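Residue-level structural notes
Each chain is listed here by its residues.
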Amino acid sequence: MAIIKQKDKRSGLTYAYKSESYWDKEKKQPRSRRKLIGRVDEKTGKIVPTDGRGKRRKQASEKKQKRGPVPATKARRVFYGATYLLDQIGEQLGLTEDLKHCFPRHYQQILSIAYYMILEHPNPLSRFEKWDHLHKHPHGKNVTSQRSSTVFSSISEEGKNQFFSRRKKRCQENEYWAYDTTSISSYSEVLKQVAYGKNKEDDRLPQINLALIFGETSGLPFYYRKLAGNIPDVKTVLNHLGDFKALGFKKIKLVMDRGFYSQANLNALMKEHLKFLISVRTSLSWVRKELDKIYDGLDTFENLNEQYDLYALTVRTNWNDTQDRPYKGDRIKAKRRVYLHLYYNVDQAAEDQKKFDRKLMRHHQELKTGKRVPEHEAFYKKYFTVKSTPKRGVQITVNHQAVEKAKRYYGYFSLLSNEKMDAIQALEIYRGKDPIERCFGDIKERMNLRRMLVSSEATLDGKLFVGFVGLILLAHIKTKMQAQKLFKDYTLQSLLDKLDVIEAFESPGSALRVGEILNAQKHIYKALDIPLPSDV
């Protein structure tokens, strides 16, 4: 909830409104509603309550006045356009309200550091003082390196859990949640969870892993968790189910890639009656068994989807669910109905076949010239027969049966769900998780968290949380830019730079004055559904 001031051009009076954010189910986007609470006194800057028709109300002496913005103590000219944009987004999304509720002492510092990380990447926090001198931001003061460490350390686990719960309540009902992990490298030798693992960027450094969940319809992240660097994806799902229970998350629908597939994970999801959509390998025996049943009929015109230029078909099958009952010391088995969505892409099949043929040629040449590679011995044995005689020399024969078997499933991929839907609907939901990869890019690049240069667990946890706050703001901007086709004319950085040059003027005893706003800047604010700073 925020206080917004707006000048009436007819009367010349400035009125104060209470702005409250909410989710518009029809337009499927965050909106805000305003309620008049009073007129702003030009001399004192105080809000004088009215009765809603422009008349003054009698102030109740027993009512405590709400604390307003900290008045300016000196005259200065600052950049305001980009930080104003982030202010407004924070109000619309309820982000500022949630932070204030969960971290009342430090929410302004958290927002200011997040703004700095967004607008000044890849500059380190040590340059915050210069940025503070030039910009208007929520905290309004310099945040020194020592102070930022204090802020990071103050972000408690209890506060974060409250924040996650509040953010979840702002998500749309029945939307799928994209779930994935990434690795963040670190040079630290003292952080407990830093360990060598499968680094997703082939970075030869120890790492921590970061799991992220965001709503596919809203396009906003609402939960993350830090993990030890040596934990594989498939091991994370079961623990997260416990987190969801503790946080009160309900009506869960997860979208995951095939790295999270395991019988134990799917059994656990079904036990909790949770919905899922997950990518599964076509190399799995049970998937190939189902695929073989419809193999000859999949690539027919009835199954062709011209929008995605592929063949798609859904088959209903059964999942052999097993659940251990420790209290009885036995195991129960049951068949659960699931839906296997199968796809065939002709172009991908041709590309895979060409790639495999090139590999056959290279390995054949290695055998022919006698330059065998030890790592390729299994491939030689599977696809070639090599004979050597004194008279005819080395004879190399291709195992065509093995080659054809390998090529049989090229171009095919599959998804599995326990909620009824057709193959194209499943594909669209699954592809809706693509933005999570961009989120990982943002948290590493724009939030400057590719390398964790911290020396304590508390500072690490706090810095990740502030980065997550910035990620929410970035995700909203990108979603709006995508919907309004702003990426045709701007990158994210150029859009922020375009607004960042708008000035504001502060002086003691006077209201904030906003400088000139060009038409291109007005167009950006309008496209992002943000009122002009001069109108607030």
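Let us look at the structure shown here.

The rules behind each value
Residues numbered from 1 in each chain as written. Predicted model: local features only at pLDDT ≥ 70, side-chain atom pairs only at ≥ 80, totals over all residues. Heavy atoms only, no water. Buried < 20%, exposed > 50% of the residue type's maximum accessible area, 1.4 Å probe, protein only. Helix = DSSP H or I, 4+ residues; strand = E, 2+ residues; numbered from the N terminus. Contact = heavy atoms within 4.5 Å. Polar contact = N/O pair within 3.5 Å; in protein donor to acceptor, adjacent residues only side chain to side chain. Salt bridge = Lys/Arg side-chain N within 4 Å of Asp/Glu carboxyl O.

1. Side note on unusual backbone geometry
- One non-glycine residue with positive phi stands out, namely Asp-309, at about 55°.
- Judged by relative accessible area, Asp-309 falls into the partly exposed class, the value being 48%.
- At Asp-529, a residue that is not glycine, the phi angle is positive and equals roughly 60°.
- If you trace the backbone, Asp-529 turns up in the segment after helix H17 (519-527).
- For Asp-529, a relative accessible area of 29% puts it in the partly exposed group.

2. Some points on the environment of Met-270
- With respect to the helices, strands and loops of the structure, Met-270 is situated in helix H8 (residues 263-271).
- Once the C-alpha coordinates of Met-270 and Asn-418 are considered, the two residues, 148 residues apart in sequence, prove to be 8.4 Å apart.
- In contact with Met-270, other than residues within four places in its own chain, are Phe-276, Trp-319, Asp-321, Arg-336, Val-338 and Asn-418.

3. Describing the environment of Tyr-380
- Mapped onto the secondary structure, Tyr-380 falls in helix H11 (residues 377-383).
- A relative accessible area of 2% places Tyr-380 in the buried class.
- Put simply, Tyr-380 and Val-398 are 18 residues apart on the chain and 9.5 Å apart in space, counted from C-alpha to C-alpha.
- Beyond its immediate stretch of four places on either side in the chain, Tyr-380 contacts His-363, Glu-366, Leu-367, Lys-371, Arg-372 and Val-373.
- A polar contact is formed between the side chain of Tyr-380 and the side chain of Glu-366, at a distance of 2.3 Å.

4. Quick notes on helix H13 (residues 423-431)
- Within the sequence span of H13, burial applies to Ala-423, Ile-424, Ala-426, Leu-427, Ile-429 and Tyr-430.
- The N-capping residue of H13, defined by a side-chain oxygen 3.2 Å from the backbone nitrogen of Ile-424, is Asp-422.

5. Thoughts on the pattern of salt bridges
- Inspection of every chain in the model, using the stated rule, returns 18 salt bridges.
- We note a salt bridge from Arg-225 to Asp-243, for which the minimum N-O separation is 3.4 Å. Residue Arg-225 is found in strand E8 (residues 221-228), and its partner Asp-243 is found in helix H7 (residues 237-247); the two are separated by 18 residues along the sequence.
- Of the charged contacts, one joins Asp-461 and Lys-226 as a salt bridge, the two residues approaching to 3.4 Å between their closest N and O atoms. Of this pair, Asp-461 sits in helix H15 (residues 457-483) while Lys-226 is found in strand E8, placing the two residues 235 residues apart along the sequence. For the pair Asp-461 and Lys-226, one class covers both residues: buried.
- Sharing partners across several salt bridges, the network here consists of Glu-97, Asp-98, Arg-166, Arg-167 and Arg-170.

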